[in-house]
Amino acid sequence: MTNTRHHQLLLLLLFLAASTNALITPLKRDTLILAFDGVIAPTAQTHAKLAIQAALRTWPHLKENPNINIIDDEEANNTDDDNNDWLVNKMMALSHLHMPSDMGCERVLLARMLLEEQKLDEQRSVGKRGKYASKFHPTSTTEPPQSTDDTTTASKGRSNNNIGSRPLTVGEISVNWSDGACLLDTLSVRYHVNRSNPLPIIQKCL
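Just so you know, these numbers come straight off a predicted model, no measurement behind them.

## Digging into the state of the cysteines
Part 1: In this structure the tally under the stated criterion is zero disulfides.
Part 2: Considering cysteine sulfurs only, Cys205 is the nearest to Cys105, which forms no disulfide, with 9.5 Å between them.

Okay, here's the thing in C-alpha cells:
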C-alpha cells in the first residue's frame, strides 16, 4: 500500500508540474512587477512634498512662482501650506507614474512642470470650483492682481501668446509620461542644469 500511495503521489506531482508549466509557458515573455510603495504607509504625500522641495532647491527661481507659498525659506523650503494643496494633490494623483531612478528623481521634474504649467494659465483657473478644478488648481495666488492700466506691448504679446493655454490634466500627463509625447524624456532635456543632466543634481537635493 505504501508503494502504491507513493506512486499515486508521484503521478499527481508530475501532473501538477505539467499543468503549471503549460499555464506558465505562454507568459514567459511577460514581466510582472509588484510595487508595495504606499501599501504599508501612505507615502504618496511624503514623496510629493519631497519632490516639490527638491525642485525649489534645484531651480531656486521657482520660489518666485505665484502659485506656491514658501513658509520658511531656511527650513528646507517648507511648503506645508494649504495654498500648496493643489500641487500636492496633483502630484499624488500622478503617483502611479513610473520613475526609473531608485530615488524617484523624475518626480522632481514633474513638480517643476506642474508649477510652470499652472503659471502659463495666467491665473484663469485660480479659485475655480468643482470636483477637479478645486482640487488640482490653486485657491489663491501670491501674485498681486494686475493693474487695469495700459500695459506694455511686450506684456500684451505674452498674454496673446498664452490665450487658450491651460495646464495639462492628470489624464493627459499619465498617457504621455512614457508614451505618446514622452514627457519624461522631454523634461529631462528641457530642465537641464547648466546644460547638464539634471538627475544627478536632483539626487543631491533630495
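## Topic: the nonpolar core
In summary, soluble globular proteins display a tendency toward joint burial of nonpolar side chains.
Part 1: Ranked by size, the top nonpolar core spans 35 residues in total, and within it Trp59, Met91, Leu110, Ile173 and Trp177 carry the most contacts.
Part 2: Of all elements in the fold, only α2 (44-58), α3 (85-93), α4 (106-120), α7 (170-176), α8 (183-190) and α9 (198-205) reach the threshold of two or more residues within this core.
Part 3: For this core, the element with the highest residue contribution is α4, accounting for seven residues.
Part 4: Ile173 has contacts with Leu94, Leu97, Leu110, Met113, Leu114, Leu168 and Leu183, leaving out every residue within four places of it along the chain.

## A few points about the confidence of the model for the protein
Part 1: Per-residue confidence for the protein gives a mean pLDDT of 74, with 59% of residues at or over 70.
Part 2: Here helix α6 (residues 153-161) stands out as the element of the protein with the lowest mean pLDDT, 41, in contrast to α7, whose mean of 93 is the highest.
Part 3: Counting interchain partners and residues more than four positions distant, the pLDDT-below-50 stretch residues 72-77 has nine contacts.
Part 4: Scored below 50 in pLDDT, residues 144-160 makes three contacts in the model with residues more than four places away or belonging to other chains.

## Description of α4
Part 1: The end-to-end C-alpha distance of α4 is 21 Å, a good match for the 21 Å that 15 residues give at a rise of 1.5 Å each.
Part 2: In terms of residue burial, α4 counts as a mostly covered element, since twelve of its 15 residues are buried.
Part 3: For α4, every residue scored as buried is listed here: Glu106, Arg107, Val108, Leu109, Leu110, Ala111, Arg112, Met113, Leu114, Leu115, Glu117 and Gln118.
Part 4: Directly beyond the C-terminal end of α4, a positive phi value near 55° is found at Glu122.

## Focus: the environment of Gln45
Part 1: For Gln45, the position within the fold is in helix α2.
Part 2: Look at Gln45 and you get partly exposed, because its relative accessible area is 39%.
Part 3: Spatially, the C-alpha atoms of Gln45 and Asn89 are 8.0 Å apart, while their sequence positions differ by 44 residues.
Part 4: If we ignore the near neighbours within four places in the chain, the residues touching Gln45 are Val88 and Met92.

## Quick word on the packing of α2 against α4
Part 1: The contact between α2 and α4 brings their axes to 8 Å, and the two run at 75°. In terms of orientation, α2 lies roughly perpendicular with respect to α4. The residues of α4 that touch α2, namely those facing His47, Ala51, Ile52, Ala54 and Ala55, are Arg107, Val108 and Ala111.
Part 2: Classifying every residue of the contact of α2 with α4 gives six nonpolar, one polar and one charged.

## Remarks on α9
Part 1: Listed in full, the buried residues belonging to α9 are Pro198, Ile202 and Cys205. Around the axis of α9, the buried residues are gathered within 55° of arc, so they sit on the same side.
Part 2: Taken together, the buried residues of α9 touch α2, α4 and α8.

## Describing the pattern of salt bridges
Part 1: Taken as a whole and assessed by the stated rule, the structure comprises two salt bridges.
Part 2: Glu116 is the salt-bridge partner of Arg112, the closest N and O atoms lying 2.8 Å from each other. Placement of both Arg112 and Glu116 in helix α4 is noted, with a separation of four residues, approximately one turn of the helix.
Part 3: When its relative accessible area of 10% is taken as the criterion, Arg112 is described as buried.

Criteria and thresholds
- Residues numbered from 1 in each chain as written.
- Predicted model: local features only at pLDDT ≥ 70, side-chain atom pairs only at ≥ 80, totals over all residues.
- Heavy atoms only, no water.
- Disulfide = S-S within 2.5 Å.
- Core = buried A, V, L, I, M, F, W, Y, C linked by side-chain atoms within 4.5 Å.
- Buried < 20%, exposed > 50% of the residue type's maximum accessible area, 1.4 Å probe, protein only.
- Helix = DSSP H or I, 4+ residues; strand = E, 2+ residues; numbered from the N terminus.
- Contact = heavy atoms within 4.5 Å.
- pLDDT = per-residue confidence, 0-100.
- Expected span 1.5 Å × (residues − 1).
- Axes fitted to C-alpha atoms, helices over the stretch in contact; angles between N-to-C directions.
- Parallel < 35°, antiparallel > 145°, perpendicular 65-115°, else oblique.
- Nonpolar A, V, L, I, M, F, W, Y, C, P; charged D, E, K, R; others polar.
- Arc of directions from axis to C-beta.
- Salt bridge = Lys/Arg side-chain N within 4 Å of Asp/Glu carboxyl O.

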